[in-house]
Amino acid sequence: PAMSADELRSGLFGASEKAQFQLLETLTQGGETVWQVLMEFLLKQQSNPPSLISGKVYQILYQAHPTDEKVGTFLKTHFPTGIVPLKSDTGIDYIPLQTLLAQQDFLEADKLSVQKLCELAGSSAVQRKWLYFSEIERFPIADLKTIDTLWRIHSEGKFGYSVQRELWLGVNKNWDKLWPKIGWREGRNWTRYPQGFTWDLTAPKGHLPLSNQLRGVRVIEALLSHKAWSQPQ
Ligand code: UYC
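Let me begin by describing the structure that accompanies this report.

1. Brief notes about the overall build of the chain
Link 1 in the chain: Helix and strand content of the chain: 14 helices and two strands.
Link 2 in the chain: Over its C-alpha trace the chain gives a radius of gyration of 19 Å, about what one expects of a compact globule, namely 17 Å for 233 residues.
Link 3 in the chain: Expressed as a percentage of its 233 residues, the buried residues of the chain come to 46%.
Link 4 in the chain: When contacts within the chain are restricted to residue pairs at least 6 apart in sequence, long-range pairs at least 24 apart make up 64% of them.
Link 5 in the chain: As displayed, the chain has an accessible area near 12,500 Å², and 51% of this comes from carbon and sulfur atoms.
Link 6 in the chain: On the chain, the mean spot of the 26 positive side-chain charges and the mean spot of the 24 negative ones are 8 Å from each other.

Here's what the structure looks like:
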């Protein structure tokens with residue numbers, strides 16, 4: 001049976017994050033009333049740091065916006081660059097990454113993230129198209145956090161470097177235990193790029209973004225050890 005606007009409203013505004021997520025999962029059909037409540041919710045959250053639940057609500061509205069003019073206008077007016085503040089210490093524009101993630105185009109978002117990391121490292125890394133581990137320590141915290149927050153918020157908390165870091169710490173930094181956990185290796189076989197990877201939210205937690213291991217673990221180790229992740233928010 002369809003949920004009334006009031007049921008949705010009280011469920012969304014009052015509940016625990018888990019209950020909020022469960023509620024949003026039941027919204028198989030949108031429609032004016034549902035979107036109205038979701039827009040209300042997103043506006044009320046606007047002054048807070050982005051949460052996973054706001055990310056999910058944003059994604060539902062983003063998916064609705066091509067078919068609903070009101071939703072389209074709402075997003076353009078109040079969230080023209082999404083719900084994650086796109087902070088950068090280096091003047092990098094993260095709107096293209098935000099757009100790909102809002103579209104749930106995780107393959108292109110993954111490629112663009114590598115490119116952004118290369119831009120953070122400087123022009124020689126941009127030309128080389130891959131990173132030296134020694135370049136990573138100097139990455140600004142603001143930029144790394146922006147990239148990571150974009151991934152987390154647009155994936156219900158599934159993807160992002162900080163998510164990978166938590167899983168890595170959870171296996172005592174044992175790479176051989178991490179790879180199968182995040183779907184990068186099964187038994188003796190490395191997952192093949194790009195078709196072996198899962199480019200949607202059915203992927204295991206920590207599956208994206210990718211770091212190529214062709215030149216060893218030092219790059220991902222530097223990335224997951226960065227001071228951005230051990231600093232208070
Ligand atoms: N690839 O296997 N990967 C590439 C991954 C390895 C290899 C790109 C991730 C193992 C080669 C990305 C895994 C390996 C190329 C990833 C993985 C290997 C390539 C495109 C699981 C062989 C072409 C961007 C750990 C046993 C390289 C890039 C070239 C590409 C990601 C081979 C994103 C997460 C050890 C030969 N692999 N990669 O970096 O120069 O080129 O053309 O990790």
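2. Structural notes on helix α2 (residues 17–25)
Link 1 in the chain: Within the span of α2, buried status applies to Q20, F21, L23 and L24. Buried residues along α2 cover an arc of 160 degrees about the axis, so they all sit on one side.
Link 2 in the chain: The inward-facing, buried residues of α2 abut α1 (5–14), α3 (32–45) and α4 (52–64).

3. Some remarks on the nonpolar core
Link 1 in the chain: Judged by nonpolar contacts, the single largest core of 70 residues is most densely connected at W35, L38, L61 and L117.
Link 2 in the chain: Sequence-distant contacts of L61, that is, excluding residues within four places in its chain, are made with W35, L38, M39, L42, V71, F74 and L75.

4. Looking at unusual backbone geometry
Link 1 in the chain: With an omega dihedral of -5 degrees, the bond running from Y193 to P194 counts as a cis peptide bond.
Link 2 in the chain: Tracing the backbone through its elements, the reader meets P194 in the loop between β2 (189–190) and α13 (218–224).
Link 3 in the chain: Residue P209 is reached from L208 by a cis peptide bond, and omega for that bond is 0 degrees.
Link 4 in the chain: Notably, K129 is not glycine yet its phi reads approximately 70 degrees, a positive angle.
Link 5 in the chain: Looking at the secondary structure, you find K129 in the loop between α8 (123–128) and α9 (133–136).
Link 6 in the chain: Even without a glycine there, the phi angle at K173 is positive, about 60 degrees.
Link 7 in the chain: Tracing the backbone shows K173 in the loop between α11 (161–170) and α12 (175–181).
Link 8 in the chain: By relative accessible area, which is 48% here, K173 ends up partly exposed.

5. Comments concerning the environment of H78
Link 1 in the chain: Note on placement: H78 falls in helix α5 (residues 69–78).
Link 2 in the chain: Beyond its immediate chain neighbours, meaning those up to four positions away, H78 contacts L43 and Q46.

6. A closer look at the site of the ligand
Link 1 in the chain: If you check the shell around the ligand, you find W184, W190, T191, Y193, F197, L210, S211, N212, Q213 and L214 and nothing else.
Link 2 in the chain: The contact in question runs from an oxygen atom of the ligand to an N or O atom on the backbone of Q213, over 2.9 Å.
Link 3 in the chain: Contact with the protein chains removes 60% of the 790 Å² of surface that the ligand exposes when unbound.
Link 4 in the chain: Class assignment for the residues of the shell around the ligand results in six nonpolar, four polar and no charged.

Thresholds applied
- Residues numbered from 1 in each chain as written.
- Predicted model: local features only at pLDDT ≥ 70, side-chain atom pairs only at ≥ 80, totals over all residues.
- Heavy atoms only, no water.
- Helix = DSSP H or I, 4+ residues; strand = E, 2+ residues; numbered from the N terminus.
- Rg over C-alpha atoms; globule rule 2.2 N^0.38 Å.
- Buried < 20%, exposed > 50% of the residue type's maximum accessible area, 1.4 Å probe, protein only.
- Contact = heavy atoms within 4.5 Å.
- Areas by Shrake-Rupley, 256 points an atom, 1.4 Å probe, with all protein chains shown as cover.
- Lys, Arg positive; Asp, Glu negative; His and termini not counted.
- Charge placed at Lys NZ, Arg CZ, Asp CG, Glu CD.
- Arc of directions from axis to C-beta.
- Core = buried A, V, L, I, M, F, W, Y, C linked by side-chain atoms within 4.5 Å.
- Near = heavy atom within 4 Å.
- Polar contact = N/O pair within 3.5 Å; in protein donor to acceptor, adjacent residues only side chain to side chain.
- Nonpolar A, V, L, I, M, F, W, Y, C, P; charged D, E, K, R; others polar.

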